[in-house]
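Chain by chain, the residues run as shown.
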Amino acid sequence: INAEYMGNQIKEYIEKNTSDGCTVMVDESMQPWIGPHWREDSLVSQYEWAANMSQARNVNVYIVHSWTKLWSCAGIRLGSFVAPTRLACDIVKSHQVPWTVNCFGMRFLSAVTKDEEYLQQTWDLHTAWRERSRKVLEEDFGWKVSGMPFTSWLWVDTGHETFATMAVKLSKEAGVPVRSGRPGYEMPGHFRMAVRAPEKQDVLFKALQPLKELPR
C-alpha cells in the first residue's frame, strides 16, 4: 500500500513478523523491472535462508512471479512458483493439474526467454517513461506519486476521494483506465496507473485535464 520496496531486507521483516509453522507468500511479479541484476535482489537468490527458515522454524516461504506483465502477454497467463525445499515443492506439485500451460504458451515461453533485446529495451526506457509521468502528475496536477523509480506503475495520491473517483471515470471514458485505490486498498483518494510510452500516456493526461480546474 505504501509502495515501499524492501528488496532482500524483506528477510528481516519475515523473521520478525512470523510465528513458527506459518506459510509466507511473496509476490515478486513487479520486481524484475529493477534491472538485469534482479535475481540478486530477489528472494530466489536466498535459497539457503529459505531452506533454513523451513527446517528451523517450519516457516515456508514461497515466491511467486507473474510473467504476463513484464512480457506483455496477459492473455497467455504465464507464471512461476519457487518453493523453499524439495519436499514443499513436491507437495504443491501434487495438487497441480497437468495442463497448466498449453502448447501455445510453451512456445511463447521458449521464444521470449531468449529475447534479451526486449528486456534490455524495457530496462533502458522504463525508468525514463515513469519519471516523465511522475513529473506531469506532481507538477501539472499537484498530486503526490509513490513507488520506486523502476516500478511499472505509479501510485497516485490525489488528496481527495472526489479527484480519484473522477480520474477513474475520465480515464475509462477515454479508453485508458486507471485502477481505483478503494477496492482492496481502502484508499479512496488514490489511484494506480501503469507506465506507458509517452504518446500513450499523453492520452490519459489529456483526459484528466478537467481535474486541474477544480478547486482544491
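In what follows, the accompanying structure is described. (Residues numbered from 1 in each chain as written. Predicted model: local features only at pLDDT ≥ 70, side-chain atom pairs only at ≥ 80, totals over all residues. Heavy atoms only, no water.)

1. What about the nonpolar core?
Looking at soluble globular proteins, one finds that nonpolar side chains tend to be buried together. Definition in use: Throughout this description, the term nonpolar core refers to a set of buried Ala, Val, Leu, Ile, Met, Phe, Trp, Tyr and Cys residues connected via side-chain atoms within 4.5 Å. Only protein chains enter the calculation, and the probe is 1.4 Å; a residue is then buried if its accessible area is under 20% of its type maximum, exposed if over 50%, and partly exposed in between. For helices the rule is a DSSP run of H or I covering at least 4 residues; for strands it is a run of E covering at least 2, with both sets numbered from the N terminus onward.
Ranked by internal contacts, the top residues of the largest apolar core, which has 18 residues, are Leu137, Trp143, Val156, Met193 and Leu208. Those elements giving two or more residues to this core turn out to be helix H5 (116-140), strand S5 (153-157), helix H6 (161-173), strand S7 (190-194) and helix H7 (198-207). No other element matches H6, which puts 3 residues into this core.

2. Re the sheet that holds strand S1 (residues 23-27)
Note: strands within a sheet are paired through backbone hydrogen bonds, in either parallel or antiparallel orientation. Threshold: Note: two strands are recorded as paired if DSSP finds a minimum of 2 bridges between them. Geometry is summarised by axes, namely lines fitted to C-alpha atoms with helices restricted to the contacting stretch, and by angles between N-to-C directions that run from 0 to 180 degrees.
Spatially, S1-S2-S3 is the arrangement adopted by the 3 strands of the open sheet, whose pairing is mixed. The sheet is open, and its two edges are formed by S1 and strand S3 (79-82), each paired on a single side. Sheet twist, expressed as the average angle between the axes of neighbouring strands with direction ignored, equals 20°. In terms of strand pairing, S1 meets strand S2 (residues 60-66) through 5 bridges, oriented parallel. Bridged to threonine 23 within S2 is asparagine 60.

3. Some points on the sheet that holds S7
The strand order across the open sheet built from 4 strands is S4-S5-S7-S6, with neighbouring strands paired in antiparallel fashion. The open sheet terminates on both sides in strands that have one partner only, identified here as strand S4 (144-146) and strand S6 (179-180). As defined by bridge partners, S4 adjoins S5 across 3 bridges and the pair is classed as antiparallel. Considered in S5, the bridge of valine 145 is made with valine 156.

4. Quick notes on the packing of aromatic side chains
The following threshold applies: Aromatic rings from Phe, Tyr and Trp, taking only the six-membered ring of Trp, are treated as a pair when their centres fall within 6.5 Å; an angle between ring planes under 30 degrees marks them as stacked, one over 60 as edge-to-face, and anything in between as tilted.
Counted by the stated rule, this structure contains 7 aromatic pairs. When the centroid spacing of 4.9 Å and the interplanar angle of 25° are considered together, the rings of phenylalanine 141 and tryptophan 143 count as stacked. Comparing phenylalanine 141 with tryptophan 143, the two get one shared label, buried. A centroid spacing of 6.4 Å and a plane angle of 40° characterise the contact between phenylalanine 141 and phenylalanine 205, whose relative ring orientation is tilted. On the criterion of sequence distance, the pair formed by phenylalanine 141 in the loop between H5 and S4 and phenylalanine 205 in helix H7 is long-range, its members being 64 residues apart. You can call phenylalanine 205 buried: its relative accessible area is 5%.

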